[in-house]
Amino acid sequence: MTVLVLQRYLAVGAILFVIGLIGFMTRRNLIVLFLSTELMFQGIAVNFIAFGRYHLGQAFFHGQAFVVFLLVIAAAEASLALGLVVLLFRRKNTLDADAWRELKG
Amino acid sequence: MEGLFAVRISYLIPLLPLIGAIVAGFLGARWLKEKSHWPIWIGVGLSAVLSFVLLFGMIGKWPGHAAAVPKPGEEVSLETRVLSTQLKAMAMSVNWYRWIEAGDFKVEAGALIDPLTAVMLCVVCGIGLLITIFAAGYMKGEKGYFRFFAYLGLFIFAMTVLVMANNFVLLYLGWEGVGLCSYLLIGFYFERPAAREAAKKAFLVNRIGDFGFGLGIMLIFVIFGTVSFFGDGAGTNSGVLELAIPGGNFLGALEPWKRQAIPWIPFLLMLGAFGKSAQFPLYVWLPDAMEGPTPVSALIHAATMVTAGVYMIVRCGTLFVPNSGAMFTIATIGTFTAIFAAVIALRQFDLKKVFAYSTISQLGFMFAAVGLWSPVPGIFHLVTHAFFKALLFLSSGVVMHAMLGHLDMRKMSGLRKVLPKTHLLMLGGCLALAGVPIFAGFWSKDEILVSAWVYNKGIFLVLLFTAFLTAYYTFRLYFRVFQGPVMVPTEAAEGHAHGHDEEHGHEPVDEHLQGQAHAAAEHSHEPAIMIWPLVVLAVGAALAGFLNWPEREKSLGGFLGESPSLILAHLATDARYNARFVLPVPFGAEEMELKAVRDQMHSVHVVVAVLSILAAGLGIYSAYSLHLKNRSRGEELVARYPGLTRALEAKFWVDEVYQAAVVEPLRGLGRLFYAIDRYVVDGIVWMVGFVPQLFGFTLKLSTQRGSLQGYAVTMLLAVVVILLVLFL
Amino acid sequence: MPETGKLNLDDALSLAVIAILALPMLGAVICALVRNARDARWISLITSVLCFLLTIPLLANFKWHSPQPLANQFYSALGQIESIGFNLHIGVDGISIWLLALTTFLMPLAIAASFASIRERPKEYYAWMLALQAAMVGVFLARDGLLFYIFFELTLVPMFFIIGIWGGPQRRYAAGKFFLFTFTGSLFTLAAIIYLGLKTGEFDINAMVDHARSSLMSDKERFWLLLGFLAGFAVKVPLFPLHTWLPLAHTEAPTSGSVILAGVLLKLGTYGILRFALPVGFGTVPTVVQIVGIVCLVGIIYGALVAWVQQDIKKLVAYSSVSHLGFCVLGLAALNVEGVSGSILYMINHGLSTGALFLVVGMIYDRYHTRDINELSGLARKMPVLAFFFILFTLSSIGLPGLNGFVSEFLTILGAFKSPHLGVGYGVLAALGIILGAVYMLHMAARVIWGPLKTPGGDQHGHEPAAHEADSGETLPVDLNRREVAILAPIALAVVVLGVLPNLVLKTLEAPVRQLIVGAEGEQQQQGISKPQLATAGER
């Protein structure tokens, strides 16, 4: 029973991750790319909680704690990234990722 | 010995001049100024007093003959003799403090007080004091007056440490210390490029010698496990010079490689002695050293420092004597240097250069003496030479002072009338140097010639011929400068900075046209402060020969013979030559007790004395005929041998050979290494850095295109590949 | 931590050790934050002087005759990471205390020396200097291998910026080269430390060394460990083929940067060899020791000859360091008490005399803005005080007996001479360095100090402005001013004192060095003697 439950959660996580991944591969818009990475994050977060719950039971909250940690980081990172996106947009008036190919160095 | 007051406070002998030097050096520039000589006068003066108190105290304790020396042929086992505490009746080692201690390497700062040290101290401090007094007059008004005296004080400090040291490392400290002072004083007029080059040369040539000396000390330590000359005197023979006696238990128990290495020691030490005492391959610095002020030439480059090599070899006799090869080398090099330098001196025109080569030559005599293991004649000659050579240098200093800085004997003549007092003093010095009887140089040179006669007739002949040359070049100088028609230079020499320029620079031209003698008389002051020290030296030059009068109860030789260095070296020869009597005059009275020996020696002495008087007379006569009676004949003689003249004037091109054979190749090597450093060594490093750069550059062109999604695909593929590898 | 009010001496001294490490860190932060440059200067100077003052009671109260000579004293455990055996332990022992004293002694002088020459971004400069001090002090205080390594690498960062921002025209290149060279080498050292630490189970230096010496380790492992240690430390020292970063870094660094670089940073390499390479592998792998010895000899002679042909006097002094450090490592390779004690003394002496020479060269540069040997001559006439110091430090550098350089030089050569691993030939060749050392140093002295007066500013008769404008706008007199004399005088005093009384240091080194060596000697020679353990539970 529990095995089945775990697999379901994992499936949800994997689906979220793959959606994010495909989004990241196919879209050009910087904000959408960013949203896609957030989706991948959430997929991983689901995995964390699922594994934590599965392996450690109800007494421990390592998985949940990690996710909270992850969310905080993601939030900080989001503010930074969106700020950057705004700056980039001001430079070139476009959100196309390919517009910044010259950054390859 | 312990009871002597002067022994207990012996540390003051080096310390006082050092304090004087520090006071003069740090307070001189701002506060003492023209009074900067006072700290040095006081410091060196007190040291001189202490030295003489020490010497006379020791003579007072001395019974008058070397009681401890076993009679030749007497059968006493070596160990008993070495252990005999009587050996140290006249010697004492005082440790001041532990200087260096690392593992087994322990070095005390301490003094060895024995007759040899006492005599050397008196020479150093006594002559040092006279010269510092002279210098106060000579250097008056110079820039850096205080500096000069600070250096002099430092020098006396280093020199006293050198002769007082009771171990090799402290000796080395004094050794390098006097080298430093020599460097600073030669370069005293540092604005002259010649002075600065001469100073550098002196230091570097000495460093070559010190390289050998330092290695010698290390080898001594590795073999003997100590660097002290003698043990602590409490019945143990733990000092190097005691352990080194052949046939002793210590040498027998050594590992084979150490026993084989022992013969190297004297050769290494010898290198140091050759450098410091300006012997043949390493003499080149001494003539150039005359760039220093004249009192320095007198003190350092004639009387004291340059004799350090002789002192060192006598001090370490035990290490040298058993090694006949080393002894022969010293004697040969000494003899060769004696004649070589005398030949160069024949054709020098600068007064100080003549005396410089003469010093080298006389040092050669001393080396020949110690090389034949006649330490007493060697030291005796050192003492008398200190007197008359200092006198000669200081007199030529007076001449230079009066002649506006000129020292070229072609520019002056007949100074007898211009500088009457100096003339007499100089004459005394010349007679002593030429080896005219009564004067000091005769007696000491005679003793060296006697040793040479006994050991090696070849060396004897060369030295006798050198004595002839010495008399000739000495009197060539004397006749040219002091006799004949009056001629004095009128233009101040370049770089002459004795304050004359201000006093006499504006002399009207017509005045000196009236008569050169008159103008010269105006210049030539012979101030008392410069003359009185010379008088004392002249008395020494005349009478020092009687110090070692063989018939005296207490002669210099007998006194020196009480030094443990000489006694142990005597034992070392004994052991080697199997009690054969090989020493003519090292122990003064003691040896003379054997009647047969005395008679034999007496006749030798007479023969040698007659021969050397003849040589000196011949030399003086040739000088007289070529340089006074008929000066043009001398020039004709020179013109007849142009090649030889050129070789002599170029000093046999030795400096040029050194430059081309040593300095330039090394410098070229330095440039080559620098090029290697920049291009090869760094190039290899650069190559190492270049490879990853190239790799990265290629990767950048091929994979890094700037497409965000492209990177993501690459990452994804990589993850897939990794997973495949991991799970399949 | 002791309770307040019941502070006994040992605890107070442990606190002092912590303060020596913490004060510069704190000072660095404050320097970076204060508003004006003047404050930064004085804060940094006061901090570094305080550190030096704190060192004095350490020296005074150190138990030199402790039965375990290499045991840590004034020890404090600041924390640990149990899972990897990393301990934040600091303290000093009989060897590191001298190098600590050298660092805290040189640092105030180096900071005071920058007052006139650092104009750009002074606050950052002083902050970096203090950070550098903290890192260097940390190396000597660290009792833990990893901590040692952290501080060892941490010194690179401030030095990188000091060279890269305040250096000469090629500063960027020099800083990069300096960083890359030393960093690359020390990665191998890190590997060696980690390997040894994991094998030991902890990273305490003494415990690591004990483990490496014990029979638990094979000779092959020791060989590789030795190579790892040498890779990092030899670059830092620097030994012969790896030295090319040094002249460049020295020439480009600002004066005080060069002083610290020569005075202390190079000693980190020799200290590392002493601490790790020597006890771990020198005795068991004689071939490597011989190779090290040969490399040292090449460095001695090569460095000296290259120094001789330099035009830039700072570069000349820099190459002289290559030569001198050859002696220093040769003494370590000799592996006997004479050589190793001499080598430790050499570290101190070289720090003093070469540091001082860089200071003097910097003072000349502040006035004439050139270091070209052809453009300067006869400075003794104009600057007698400077000439005095210049000649004094030159003499110290060429090993004149009576000054500090002699004792250590003599002992290192003697050590090589006596050593069964090296031998007479090494001693003879090293002694050649004595001659060559005098050659290049006196060459420089003759050109710069002696001779007819020549300076780039004025004509040859010395008609020059009576004062010079320094970069900072401070007016410099023709000769040294009081600040400059006050910088040089302590070093001059130390140079003389260590020459006359070298036993002050040597005596204290005997026991610790003997213990380091006894274990390092090969098994064969030490049969029957139980190896002493460096790590002692009692003292910890």
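Scroll up to find the structure this text is about.
A brief structural summary. The structure presented is a predicted model; accordingly, all values stated were derived computationally and were not measured. Positions within a chain are numbered from 1, following the residues in the order the chain's sequence is written. The lettering of chains begins at A and the numbering of ligands begins at 1, in the order of writing. Residues qualify for local features only when their pLDDT is at least 70, as the model is predicted, and side-chain atom pairs are given and counted only at 80 or more; totals for whole chains, interfaces and linings, by contrast, use all residues.

Secondary structure elements follow DSSP: runs of H or I of four or more residues count as helices, runs of E of two or more count as strands, with numbering from the N terminus. Counting its regular elements, chain C contains 20 helices and four strands. Note on method: radius of gyration uses C-alpha positions; expected globular size equals 2.2 Å times residues raised to 0.38. Scaling as 2.2 N^0.38, a compact globule of 540 residues should have a C-alpha radius of gyration of about 24 Å, and chain C matches this with 22 Å. Overall, the C-alpha framework of chain C stretches about 75 × 60 × 40 Å when taken along its three principal axes. Exposure classes come from backbone-placed C-beta atoms, where a residue is buried if 20 or more other C-beta atoms lie within 10 Å of its own, exposed if 12 or fewer do, and partly exposed in between. Classification of the 540 residues of chain C by burial places 63% in the buried group. Within chain C, contacts between residues separated by at least 24 positions form 78% of all contacts whose residues are at least 6 apart in sequence. Contact between residues is assigned whenever the C-beta positions, reconstructed from backbone atoms, fall within 7 Å.

It is worth spelling out the overall build of chain A at this point. Along the backbone of chain A there are three helices and zero strands. Put simply, chain A runs from its N terminus to its C terminus through helices and strands in the order α-α-α. Computed over C-alpha atoms, the radius of gyration of chain A comes to 17 Å, more than 25% over the 13 Å expected from 2.2 N^0.38 for 105 residues, which places it beyond the range of a compact globule. When its C-alpha atoms are laid out on the principal axes, chain A stretches across 55 × 25 × 20 Å. Looking at chain A as a whole, 15% of its 105 residues qualify as buried. The contacts in chain A between residues at least 6 apart in sequence include a share of 52% that link residues at least 24 apart.

So, on to the interface of chain C and chain B. Tallying the contact residues gives 44 residues for chain C and 39 residues for chain B. At the level of secondary structure, the elements contributing two or more residues to the side of chain C that touches chain B comprise α12 (286–308), α14 (337–368), α15 (379–382), α17 (404–418), α18 (424–448) and α20 (503–520) of chain C. Here the side of chain C that touches chain B gets ten residues from one element, more than from any other, and that element is α18 of chain C. Each residue is assigned to one class: nonpolar for Ala, Val, Leu, Ile, Met, Phe, Trp, Tyr, Cys and Pro, charged for Asp, Glu, Lys and Arg, and polar for all the others, Gly among them. Looking at side-chain class alone, the side of chain C that touches chain B contains 30 nonpolar, nine polar and five charged residues.

Taken residue by residue, the interface counts eight residues in chain B and eight residues in chain A. Looking at the side of chain B that touches chain A, its residues break down into three nonpolar, four polar and one charged.

Pairing between two strands requires that DSSP report at least two bridges joining them. Bridge count for strand β1 (residues 73–81) of chain C against strand β2 (residues 86–92) of chain C is five bridges, and the pairing is antiparallel. Bridging across to β2 of chain C, Gln80 of chain C finds its partner in Asn87 of chain C.

What follows covers helix α5 (residues 145–154) of chain C. Of all ten residues in α5 of chain C, seven are buried; the element is thus mostly enclosed. Those residues of α5 of chain C lying buried are Gly145, Leu146, Leu147, Phe148, Tyr149, Phe151 and Phe152 of chain C.

Remark: nonpolar core denotes a set of buried Ala, Val, Leu, Ile, Met, Phe, Trp, Tyr and Cys residues whose joining runs through C-beta atoms within 7 Å. Of all hydrophobic cores here, the largest spans 456 residues; its most connected members are Ala368, Ala390 and Leu391 of chain B together with Val329, Ala333 and Val360 of chain C. A total of 18 residues in this core trace back to one element, the largest contributor, which is helix α8 (residues 193–224) of chain B. If near-sequence neighbours (up to four positions away) are discounted, Val329 of chain C is found in contact with Val237, Leu239, Thr270, Ile273, Val292 and Cys296 of chain C. In this structure, Leu16, Ala45, Val46 and Ala50 of chain A belong to the second largest nonpolar core, which totals seven residues.

Residues and elements named next belong to chain B. As a packed pair, helix α14 (residues 294–303) and helix α18 (residues 351–371) sit with axes 11 Å apart at the nearest point and diverge in direction by 10 degrees. Regarding the angle of α14 to α18, the classification is roughly parallel. Between α14 and α18, the residues in contact are Thr294, Ser297, His301 and Ala302 and Lys352, Ala356 and Thr359, respectively. Grouping the amino acids of the contact of α14 with α18 by side-chain chemistry returns two nonpolar, four polar and one charged. Working convention: axes come from line fits to C-alpha atoms, limited for helices to the stretch in contact. Angles between N-to-C directions cover 0 to 180 degrees. What sets the label is the angle itself: under 35 degrees gives roughly parallel, over 145 gives roughly antiparallel, 65 to 115 gives roughly perpendicular, and the rest give oblique.

The next subject is the pairing of strand β1 (residues 92–102) of chain B. Residue and element names in this part refer to chain B. Two elements, β1 and strand β2 (residues 105–113), share nine bridges in a ladder whose sense is antiparallel. Looking at the pairing, Arg98 lines up with Glu108 of β2. A loop of two residues connects β1 with β2, the two strands running antiparallel in sequence, and Gly103 in this loop sits at a positive phi of about 60 degrees.

This part takes up the environment of Leu147 of chain C. Residue and element names in this part refer to chain C. Assignment of secondary structure puts Leu147 in helix α5. Once the C-alpha coordinates of Leu147 and Asp204 are considered, the two residues, 57 residues apart in sequence, prove to be 9.3 Å apart. Setting aside its immediate chain neighbours within four residues, Leu147 contacts Leu88 and Ala142.

All right, on to unusual backbone geometry then. All names here are of chain C. Of note, the bond from Val237 into Pro238 is cis; its omega dihedral lies within 30 degrees of zero at -5 degrees. On the secondary structure map, Pro238 appears in the loop between α9 (219–236) and α10 (245–252). A positive phi is found at Leu335, a non-glycine position, where the angle reads about 65 degrees. One non-glycine residue with positive phi stands out, namely His369, at about 55 degrees. Structurally, His369 can be placed in the loop between α14 and α15. For His369, a count of 14 C-beta atoms within 10 Å translates into the label partly exposed.

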